[in-house]
Amino acid sequence: MYVCLCNQITDHEIRRAVEDGCSSMRQLRNELGVATQCGRCGNMAREILDEHRSSVDLDLINALARPA
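I will try to describe carefully the structure that is included in this document.

**Re the environment of N62**
Inference 1: With respect to the helices and strands, the residue N62 is situated in helix α3 (residues 42-65).
Inference 2: In the structure, N62 is positioned 50 residues away from H12 in sequence and 23 Å away in space, judged by C-alpha atoms.

**Considerations on the nonpolar core**
Inference 1: V3, I14, M25, L28, V34 and A45 are the most contacted members of the largest nonpolar core, which totals 14 residues.
Inference 2: Here V3 is in contact with I9, T10, D11, I14, C41, M44, A45 and I48, once residues within four sequence places are set aside.

**Observations regarding the environment of M25**
Inference 1: With respect to the secondary-structure elements, M25 resides in helix α2 (residues 25-32).
Inference 2: Expressed as a C-alpha distance, the spacing of M25 and H12, which sit 13 residues apart in the sequence, is 16 Å.
Inference 3: Once residues lying within four places of it in the same chain are set aside, the contact partners of M25 are V34, A35, G42, A45, R46 and L49.

**Side note on unusual backbone geometry**
Inference 1: The backbone of Q8 shows a phi angle near 50 degrees, a positive value even though the residue is not glycine.
Inference 2: With respect to the helices, strands and loops of the structure, Q8 is situated in the loop between β1 (2-4) and β2 (9-10).

**Observations concerning the side chain of H52**
Inference 1: Summarising the element assignment, H52 is placed in helix α3.
Inference 2: In contact with H52, not counting residues within four places along its chain, are R15, V18 and E19.

**Quick look at helix α1 (residues 11-19)**
Inference 1: Of all the residues in α1, the buried ones are D11, I14, A17 and V18. What you see down the axis of α1 is that its buried residues fit within an arc of 120 degrees, all on one side. Looking at α1, the residues exposed on the side facing more than 90 degrees away from the buried face are H12 and E19.

**Considerations on the pattern of salt bridges**
Inference 1: Overall, the coordinates contain 3 salt bridges when judged by the stated rule.
Inference 2: Across the pair R15 and D11 runs a salt bridge whose closest N-O atoms are separated by 2.6 Å. With R15 and D11 both in helix α1, this residue pair falls 4 residues apart, about one helical turn.
Inference 3: On the basis of relative accessible area, D11 is assigned to the buried category, the value being 9%.
Inference 4: The closest approach of N and O atoms between R15 and E51, which form a salt bridge, is 3.8 Å.

How each quantity is defined
- Residues numbered from 1 in each chain as written.
- Predicted model: local features only at pLDDT ≥ 70, side-chain atom pairs only at ≥ 80, totals over all residues.
- Heavy atoms only, no water.
- Helix = DSSP H or I, 4+ residues; strand = E, 2+ residues; numbered from the N terminus.
- Core = buried A, V, L, I, M, F, W, Y, C linked by side-chain atoms within 4.5 Å.
- Buried < 20%, exposed > 50% of the residue type's maximum accessible area, 1.4 Å probe, protein only.
- Contact = heavy atoms within 4.5 Å.
- Arc of directions from axis to C-beta.
- Salt bridge = Lys/Arg side-chain N within 4 Å of Asp/Glu carboxyl O.

See below:
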């Protein structure tokens, strides 16, 4: 789904950016251009960022907890 219509940024692109290391709205703005025009996408982008960052963090924790 499109999150930022001004810059044609999708939720998949935001999730991919989080997986690639973006962990803040500032980083998303710099990487993707989210919330640089009208700003209406800011809240949704932050929700996706927070939700996916938690998921990525949980996956990392689980991977580290597994025996080698």
